[in-house]
Amino acid sequence: KNLFKDNDAQVLDMGSGKGYLTFALYDFLVNKLKFTAQVTGIEQRKDLVKLGNRVAVASGFKDLIFSQGTIADCNVETPDILMALHACDTATDDAIFKGIQAGAKIIICSPCCHKQVRKAMSDDGLLKSIKMHGILKERQAEIATDAIRALLLESKGYETKVFEFISMEHTGKNLMITAIKKNKNVDKEAFLKEIEVLKNTLEIKEHYLDKLLYPSKSK
C-alpha cells in the first residue's frame, strides 16, 4: 500500500478476457482498501469489451473501463500495476515488456503456453535424453522460460518472485511471477551473463523477452 501516492493507483489488466480478475481487483482496491483507482482492461475481442463495459456501468464501477486492443500494440503510459493472467506464450513477454517500459511499480503475470522457447531449444546436445520426450521437453521449456523472465525483470531493477498461486486441481497454469520495482543499483551485466549461461546450458537459441529488452545483444 505504501508504494502508491495518496492511495491512488493506475492499473492495467492485459488480455482481460471476461474481466473476472479485473472486476475483483477494482472492487478490492476501491471498496476494500479505499483507493482512488483507475482500472483498465485491455482485450482483443470486441464482444468481451462491450460486455465488460456494460457490467462495469451496471455495477457502478465508474473508474473501470475496458478497451479493445492487443497486448503488443497497446499504448501503455504510467501504470502503477500491470498484470496479465494466462496471456498465451509471448503475449506474457509483451505484457512484461510494456510494464518495464512504462516503469510500472508492480508487474504480475501468470504465464501460459510456453511455445516460443520450446521451439528454440535444440534437440541435440547434453540434454538430448530429456528433450526426446515431448512432455519433458515441454516442462523444461516452461521452467526455462519463466526463470529467464524472472532474471530479466531483476536486470531491470525489479525484486521478483515465482511461486504457485492456486492448486493444480484448478489449473496446471498455476505459476505466478510478481515483480516490484526497487530504487537500487543493479549489476545488469551479471544478470545478463547468468541468462546467457542458462541459455547455453539448456541449448536455447533465443528468448523473446530477452530480444525485446536487449535487441543489440541479440544481433
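A short tour of the structure in this document, coming up. Here the structure is a predicted model, which means the values were calculated and not measured.

## Examining the overall build of the protein
Summing up its helical and strand segments, the protein has eight helices and seven strands in all. What you see for the protein is a C-alpha radius of gyration of 18 Å, in line with the 17 Å of a compact globule of 219 residues. C-alpha extents for the protein along the principal axes are approximately 60 × 40 × 30 Å. Across the 219 residues in the protein, those meeting the buried criterion constitute 45%. Long-range contacts, defined as pairs at least 24 residues apart, comprise 72% of the intrachain contacts of the protein with a sequence gap of at least 6. For the protein, the accessible surface area stands at approximately 12,000 Å², while carbon and sulfur atoms represent 53% of it. Distance between charge centroids for the protein: 2 Å, based on 33 positive and 29 negative side chains.

## Some details on the pairing of strand β3 (residues 64-68)
Here strand β2 (residues 36-43) pairs with β3 via five bridges, running parallel. Considered in β3, the bridge of T40 is made with I65. Each parallel crossover has a hand, and the one from β2 via helix α2 (residues 46-59) to β3 is right-handed.

## A short note on the environment of R139
You can see R139 is positioned in helix α6 (residues 134-155). By relative accessible area, which is 52% here, R139 ends up exposed. Spatially, the C-alpha atom of R139 lies 26 Å from that of A190, the residues being 51 residues apart in sequence.

## Let's talk about the packing of α6 against helix α7 (residues 188-201)
Taken N-terminus to C-terminus, the directions of α6 and α7 make an angle of 165°; their axes are 9 Å apart at the nearest point. Taken together, α6 and α7 sit at an angle that is classed as roughly antiparallel. Both α6 and α7 take part in a crossing whose hand is left-handed. Packed against α6, whose contacting residues are A147, I148, L151, L152, E154 and S155, the element α7 presents K188, F191, E194, I195, L198 and K199 at the interface. Considering only residue class, the contact of α6 with α7 consists of seven nonpolar, one polar and four charged.

Cut-offs applied
- Within each chain, residue numbers correspond to sequence positions counted from 1 in written order.
- It should be noted that, the model being predicted, local features are given only for residues of pLDDT at least 70 and side-chain atom pairs only at 80 or more, the latter also being counted only at that level, while totals for whole chains, interfaces and linings use all residues.
- To get the side-chain values, all heavy atoms of the structure are used, and hydrogens and water are removed first.
- What counts as a helix is a DSSP run of H or I of at least four residues, what counts as a strand is a run of E of at least two, and both are numbered from the N terminus.
- For the radius of gyration, the atom set is restricted to C-alpha positions; the globular benchmark scales as 2.2 Å times the number of residues to the power 0.38.
- Buried residues are those whose accessible area, probed at 1.4 Å on protein chains only, stays under 20% of the maximum for their type, while exposed residues exceed 50% and partly exposed ones sit between those limits.
- For this analysis, residues touch if any pair of their heavy atoms sits within 4.5 Å.
- Each accessible area is a Shrake-Rupley result for a 1.4 Å probe, and residues are judged covered by the shown protein chains and nothing else.
- Charge assignment: positive for Lys and Arg, negative for Asp and Glu; neither His nor the chain ends contribute.
- Where a charge lies is defined by one atom per residue type, namely NZ (Lys), CZ (Arg), CG (Asp) and CD (Glu).
- Paired strands, as defined in this entry, are two strands with at least two bridges between them according to DSSP.
- Looking down the strands as they point away from you, a crossover is right-handed if its path from the first strand over the helix to the second goes clockwise.
- Between N-to-C directions, angles span 0 to 180 degrees; the directions come from axes that are lines fitted to C-alpha atoms, helices contributing only their stretch in contact.
- Any angle between 65 and 115 degrees counts as roughly perpendicular, while under 35 counts as roughly parallel, over 145 as roughly antiparallel, and the rest as oblique.
- Handedness of a crossing is defined here by the sense of rotation of the near helix relative to the far one, left-handed for an anticlockwise turn of less than a right angle and right-handed for a clockwise turn.
- Three classes are used: nonpolar for Ala, Val, Leu, Ile, Met, Phe, Trp, Tyr, Cys and Pro, charged for Asp, Glu, Lys and Arg, and polar for all others, with Gly counted as polar.

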